[in-house]
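# Geometric and topological summary
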Amino acid sequence: RAAATTDMPVKKDDARNRAQQFLDRQLPGARAGEPDTFYGYYTVEIEKDGRILGMLSVNGYYGQVWYHTWHGAFLSEKKF
């Protein structure tokens, strides 16, 4: 098994495209934000009508997309 790395076969632009394809099918009108890179995956905020609806992730090795259902409704964000 390979060690986790941020150098993944699925690149950032491809992850965003895969996220957008998922949203086009599942949440029409939603937009994939800029992916954040983690070890083995990307996390993408979902935006619609100028608001953040939630997030999803894209596997950096195989490209699978999974929607984050466990966060609940987005309330706010604080950047440091």
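Everything discussed here concerns the structure shown above.
The structure contained in this document is the topic of the report that follows. A quick note: this is a predicted structure, and the numbers were derived from the prediction, not measured.

Rules used in this analysis
- Residues numbered from 1 in each chain as written.
- Predicted model: local features only at pLDDT ≥ 70, side-chain atom pairs only at ≥ 80, totals over all residues.
- Heavy atoms only, no water.
- Helix = DSSP H or I, 4+ residues; strand = E, 2+ residues; numbered from the N terminus.
- Phe/Tyr/Trp six-rings, centres within 6.5 Å; stacked < 30°, edge-to-face > 60°.
- Buried < 20%, exposed > 50% of the residue type's maximum accessible area, 1.4 Å probe, protein only.

## Concerning unusual backbone geometry
Of note in the backbone geometry, Asp49 takes a positive phi value of approximately 55° without being a glycine. Inspection of the secondary structure puts Asp49 in the loop between β3 (41-48) and β4 (51-59).

## Quick look at the packing of aromatic side chains
Where two aromatic rings form a pair, the distance of their centres and the angle of their planes describe that pair. Counted under the stated rule, the structure contains 2 aromatic pairs. Seen from their ring centres, Phe38 and Tyr41 are 5.2 Å apart, and the 10° between their planes marks the pair as stacked. Phe38 gets classed as partly exposed once you look at its relative accessible area, which sits at 38%. Classification of Tyr41 as partly exposed rests on a relative accessible area of 29%. Members of the aromatic cluster, each reached through a chain of ring pairs, are Phe38, Tyr41 and Trp66.

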